[in-house]
Amino acid sequence: DDEENATDNDSPVNICGEVRILSLGEGEGRNAVFLASRCDTWKVTAVDSSKMGLGKAKKWASSLGLSSRIKLVAADLEDYRIEEGYWDIIVSIFCPLTAPLRRRVHKAVTRGLRPGGFVVLEALTEQ
């Protein structure tokens, strides 16, 4: 259940303070809601090409009082520009990309991290 996962208190992420998080291929908001709920100073920018999915994310975040912590961006990752040296955490969980786009996005992710920042990546292989 997504709501149960989004409020799970067994998170290994226990940093607080001003944290800027970019979530790629966000879908319906599961990762953004989870991350925004961890600390009231965490700001999440959630990017997805599905306006329908982001609409669900918006309703879910609003129902939990998290709207001010989550910025939803409707964009295709083919066109989305990741700001260089800006993000503390960049998340990509099961975001399917073609091989050429994956290479470009992963290079942009590397450049997008601030010093000391990190990437959370979970992906499927082609096999």
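Scroll up a little and you will see the structure.
The structure reproduced in this document is the subject of the present report. (Residues numbered from 1 in each chain as written. Predicted model: local features only at pLDDT ≥ 70, side-chain atom pairs only at ≥ 80, totals over all residues. Heavy atoms only, no water.)

This part takes up the overall build of the protein. Counting its regular elements, the protein contains four helices and five strands. When its helices and strands are written in sequence order, the protein yields α-β-α-β-α-β-β-α-β. Considering the protein as a whole, with its 127 residues, one finds that 39% of them fall into the buried category. When contacts within the protein are restricted to residue pairs at least 6 apart in sequence, long-range pairs at least 24 apart make up 72% of them. (Helix = DSSP H or I, 4+ residues; strand = E, 2+ residues; numbered from the N terminus. Buried < 20%, exposed > 50% of the residue type's maximum accessible area, 1.4 Å probe, protein only. Contact = heavy atoms within 4.5 Å.)

Now for the pattern of salt bridges. For the structure shown, the criterion picks out four salt bridges. Among the ionic pairs, aspartate 88 bridges to arginine 114, the shortest N-O distance being 3.4 Å. Taken as a pair, aspartate 88 in strand S4 (residues 87-93) and arginine 114 in strand S5 (residues 113-122) lie far apart in primary sequence, 26 residues in all. Judged by its relative accessible area of 30%, arginine 114 is partly exposed. (Salt bridge = Lys/Arg side-chain N within 4 Å of Asp/Glu carboxyl O.)

Now for the pairing of strand S3 (residues 70-74). Both strand S2 (residues 42-48) and S3 contribute to a ladder of five bridges, which runs parallel. What sits directly across from valine 47, in S3, is valine 73. The β-α-β motif built from S2, the intervening helix H3 (residues 51-63) and the parallel element S3 has right-handed crossover chirality. (Pairing = 2+ DSSP bridges. Right-handed = clockwise from strand over helix to strand, strands pointing away.)

Moving on to the nonpolar core. Ile21, Leu35, Val44 and Ile70 are the most contacted members of the largest nonpolar core, which totals 18 residues. Only strand S1 (19-24), helix H2 (30-38), S2, H3 and S4 provide two or more residues apiece to this core. With five residues, the top contributor of residues to this core is H2. The residues contacting valine 44, other than those within four sequence positions of it, are Ile21, Ser23, Ala32, Leu35, Ala36, Arg69, Ile70 and Lys71. Counting residues in each nonpolar core, the second largest holds 17 residues, with Leu22, Val47, Leu77 and Ala108 among its members. (Core = buried A, V, L, I, M, F, W, Y, C linked by side-chain atoms within 4.5 Å.)

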